[in-house]
There are 2 protein chains.
Amino acid sequence: MASEYTIGVDLGGTSVKVGLTDFRGNIIHKECMPTFAEKGPDKVISQISACIRLVLDNNPVEVEGIGIGSPGAVIASKGTVDYPPNFPGWESIALGKIISESFSMPAYVENDANAAAIGELIFGAGKDLDSFIMITLGTGVGGGIIFERKIFHGTTGAAGELGHISVDYQGRKCKCGNYGCMEAYAGNNYLVEWVEEDLQKHINSLLFKWVHIENEVLTPKLIHEAAVKNDDFAIKVIIKLAQVLGYGISSIINASDIPNVVIGGGVAGFGEFLFKPLNETIIERVMKTHKSRVTLRPAVLKNEAGILGASALVLYQA
Amino acid sequence: MASEYTIGVDLGGTSVKVGLTDFRGNIIHKECMPTFAEKGPDKVISQISACIRLVLDNNPVEVEGIGIGSPGAVIASKGTVDYPPNFPGWESIALGKIISESFSMPAYVENDANAAAIGELIFGAGKDLDSFIMITLGTGVGGGIIFERKIFHGTTGAAGELGHISVDYQGRKCKCGNYGCMEAYAGNNYLVEWVEEDLQKHINSLLFKWVHIENEVLTPKLIHEAAVKNDDFAIKVIIKLAQVLGYGISSIINASDIPNVVIGGGVAGFGEFLFKPLNETIIERVMKTHKSRVTLRPAVLKNEAGILGASALVLYQA
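Counting starts from 1 at the beginning of each chain's written sequence and moves along it residue by residue. The order in which chains are written sets their letters, starting at A; the order in which ligands are written sets their numbers, starting at 1. Residue-level local features of this predicted model are given only where pLDDT is at least 70; pairs of side-chain atoms are given and counted only at 80 or more, and the full residue set underlies all totals for whole chains, interfaces and linings.

## So, the sheet that holds strand 3 (residues 27-34) of chain A
Residue and element names in this part refer to chain A.
Part 1 of the reasoning: Any two strands between which DSSP finds at least two bridges are classified as paired. Here a strand is any run of E in DSSP of at least two residues, a helix any run of H or I of at least four, and the numbering for each starts at the N terminus. Judged by pairing direction, the sheet is mixed, and its five strands sit side by side in the order 3-2-1-4-7 without closing on themselves. The sheet terminates laterally at strand 3 and strand 7 (107-111), the two strands that pair on one side only. Between one strand axis and the next, the sheet turns by 15° as a mean value, whatever way the strands run.
Part 2 of the reasoning: The sheet contact formed by strand 4 (residues 63-70) and strand 7 spans five bridges and is parallel. Along strand 7, the bridge assignment pairs Gly 67 with Tyr 108.
Part 3 of the reasoning: Helix-sheet contacts for helix 3 (residues 112-123) involve strand 4 and strand 7, and the interaxial angle to strand 7 is about 110°. To get an axis, a line is fitted to the C-alpha atoms, and for a helix only the part in contact is used. The angle between two axes follows their N-to-C directions and goes from 0 to 180 degrees. A pair of residues counts as a contact when their C-beta atoms, built from backbone coordinates, are within 7 Å of each other.

## Examining the relation of the copies chain B and chain A
Part 1 of the reasoning: When the copies are superposed, the least-squares fit draws on C-alpha atoms of residues that have pLDDT of at least 70 in both. Under the fitted operation, chain B is carried onto chain A by 0.0 Å of movement along the axis and a turn of 180°, and the coordinates agree to an RMSD of 0.0 Å. Look at the turn and shift together and you get a two-fold axis relating the two. Across chain B, the smallest distance between a C-alpha and the rotation axis is recorded for Asp 168 of chain B, namely 2.1 Å.
Part 2 of the reasoning: When the interface residues of chain B are mapped onto chain A, 100% of them again lie at the interface, so the same face is used by both copies.

## Observations concerning the confidence of the model for chain A
Low-pLDDT stretches of the model should not have their predicted coordinates read in fine detail.
Part 1 of the reasoning: The pLDDT score gives, residue by residue, the confidence of the prediction method on a 0 to 100 scale. The predicted model of chain A has a mean per-residue pLDDT of 96, with 99% of residues at 70 or higher.
Part 2 of the reasoning: The ipTM assigned to the predicted complex is 0.95, against a pTM of 0.95.

## Thoughts on the sheet that holds strand 2 (residues 15-22) of chain B
All names here are of chain B.
Part 1 of the reasoning: The strand order 3-2-1-4-7 describes an open sheet built from five strands, whose pairing is mixed. Strand pairing shows two members of the sheet lacking a second neighbour, strand 3 (27-34) and strand 7 (107-111), which therefore form its edges. When strand polarity is set aside, the average angle formed by the axes of neighbouring strands in this sheet is 15°.
Part 2 of the reasoning: Packing of helix 1 (residues 41-58) onto the sheet brings it into contact with strand 1 (5-11), strand 2, strand 3 and strand 4 (63-70), and relative to strand 3 it is tilted by some 150°.
Part 3 of the reasoning: Across the sheet, helix 2 (residues 95-103) lies against strand 4 and strand 7, angled at about 155° from strand 7, the strand it touches most.

## What about the domain arrangement of chain A?
Frequently, the measure chosen for interface size is the accessible area removed from exposure when the parts meet.
Residue and element names in this part refer to chain A.
Part 1 of the reasoning: With domains assigned, chain A is organised as domain 1 (5-122 + 304-317) and domain 2 (129-298).
Part 2 of the reasoning: Contact residues are listed per partner, giving 12 residues for domain 1 and 14 residues for domain 2.
Part 3 of the reasoning: Counting residues per element, the ones that place at least two in the side of domain 1 that touches domain 2 are strand 5 (73-75) and helix 3.
Part 4 of the reasoning: If you tally residues by element for the side of domain 1 that touches domain 2, the top one is helix 3, at seven residues.
Part 5 of the reasoning: Gly counts as polar in this scheme, as do all residues outside two lists: the nonpolar Ala, Val, Leu, Ile, Met, Phe, Trp, Tyr, Cys and Pro, and the charged Asp, Glu, Lys and Arg. Along the lines of polarity and charge, the residues of the side of domain 1 that touches domain 2 split into 10 nonpolar, one polar and one charged. What counts as a domain boundary in this text is fixed by an automatic or database domain assignment.

## A look at helix 5 (residues 188-199) of chain B
Residue pairs spaced three or four apart in an α-helix point in one direction, given the helix's 3.6 residues per turn.
Part 1 of the reasoning: A helix is expected to span 1.5 Å for every residue after the first. When the terminal C-alpha atoms of helix 5 of chain B are compared, their 16 Å separation across 12 residues agrees well with the 16 Å that a helix rising 1.5 Å per residue should span.
Part 2 of the reasoning: Buried residues in helix 5 of chain B make contact with helix 4 (183-186), helix 6 (206-213), helix 7 (220-228) and helix 8 (232-256) of chain B.

Put into structure tokens, the structure is as follows:
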């Protein structure tokens with residue numbers, strides 16, 4: 001390759017973030033603009049373009065290509081985006097082609113969960129792995145399956161919805177319509193919801209005091225802080241969360257024979273409170289043939305995982 | 001190809017079945033011998049060879065190759081077999097190489113569940129499908145994932161253990177060590193076990209009468225016969241079975257984006273009693289994007305699925 005830089009576009013519902021990234025995964029320059037998703041695709045695309053232009057104008061270097069991590073159903077081979085949630089009017093938008101033509105360079109589009117997995121593959125925890133399962137714990141629970149250093153796309157590009165593996169057919173109702181999905185326990189809002197319910201039975205916990213006496217807002221971060229302060233209830237909450245994830249991940253490993261797991265997203269910041277019981281649950285639950293092969297690691301890319309995953313698309317495709 | 005015939009070897013714990021098969025999936029000649037698994041690999045291999053020899057001696061035609069469907073962990077690319085359950089002494093047995101050299105023709109080995117999927121791909125319900133999920137309902141619940149007309153092998157060849165997807169982390173104990181696996185409800189012995197338990201609460205059912213007054217043995221077949229005779233309890237049993245399978249299959253579809261499902265094995269003989277609630281459950285449970293795309297069909301290969309799946313390996317590899 002001639003150049004040493006790529007552009008990564010992290011397209012979100014409220015803001016679009018664009019970074020100039022070098023081939024080792026360092027972000028050299030970053031810009032952010034509002035997405036204006038409610039104004040329809042033309043406006044969103046002009047925001048993306050303006051943000052890319054701003055980064056390029058500030059950095060007179062040669063760029064290898066542009067990667068875009070987008071919500072919604074992405075057909076990576078065509079660079080099209082369909083129906084991102086909260087993006088009205090998006091139907092078969094040829095985002096890759098439009099951006100590629102605007103900037104006269106290759107542009108690659110992937111679903112944001114897949115881009116996160118590719119980011120870890122190229123720059124992060126998966127650099128030394130041929131195959132791994134990536135789970136991103138955020139508002140939703142995203143997934144990506146890397147098999148032999150390629151994303152497993154399935155028949156239409158929708159594969160990897162690992163958050164919608166159900167661990168309990170009579171479990172918590174998920175917004176997807178199913179019951180007991182991993183997301184229905186581990187997605188940020190769901191997590192807060194069931195912890196709030198359980199909290200009523202643990203009025204002596206530190207977390208109860210913070211939330212119901214000191215009026216702090218119950219968030220995943222607050223749960224972690226209580227665990228760090230050795231609050232028994234908060235620690236047990238994280239163990240329960242880890243177990244639910246472990247049950248689902250075990251099924252994925254049994255089905256896919258991919259025993260390497262990378263966990264990213266905000267809740268991965270729970271650290272050993274989460275990773276220790278998660279590892280134990282997976283090893284307890286997977287079939288015998290996988291027990292000694294399971295590896296579990298936190299994602300390496302943190303706050304800028306969106307930009308870096310998008311940037312990685314350029315190197316992955318090349 | 002020069003010839004029009006293949007040899008298919010269905011290696012089981014008690015008997016080895018060998019068939020001469022034409023390229024359309026008709027079995028021309030079939031032989032069966034005891035496996036003598038307890039006598040170790042050399043004896044088993046000599047039984048396989050003797051059975052193949054018998055078929056060849058009776059049919060002086062040119063044969064394209066030999067396919068072998070084997071229990072245990074098979075590395076298809078190497079033709080090796082490890083640890084088939086109930087086959088003492090099997091460790092990295094180069095079954096493909098040994099048989100290929102004995103008969104001076106190509107030999108291909110696959111895990112029996114994968115061979116069943118390949119049989120449907122080449123000769124059966126999957127002929128017109130690029131990608132499908134195959135579930136075989138027998139003593140265990142086997143699985144195979146066909147993606148773009150190839151078996152998805154995973155990292156070591158162990159992928160496709162779909163029977164060990166758990167639908168209820170607090171559910172029935174499975175012999176794999178996990179809880180709530182599809183196999184722990186739908187495997188023949190497990191099915192008989194929980195139906196026997198439920199039967200005690202349904203003493204007015206036809207099935208209760210047959211089993212506890214007329215001393216018939218409770219089998220999947222007997223459950224089906226009671227359903228055919230409109231026994232409300234038996235019909236509900238099959239619906240419950242279908243739902244459990246539907247819960248697990250929905251998770252697989254969400255993860256893999258492969259919405260085509262083929263169901264084989266003895267219990268698939270329950271027909272519409274099983275397929276109607278199974279289809280309803282899957283459509284109810286999968287993510288919206290898949291609902292209109294789900295197809296569910298019974299396997300086409302029935303009693304001779306083992307031989308035909310093995311025979312299909314030759315055509316699949318060629």
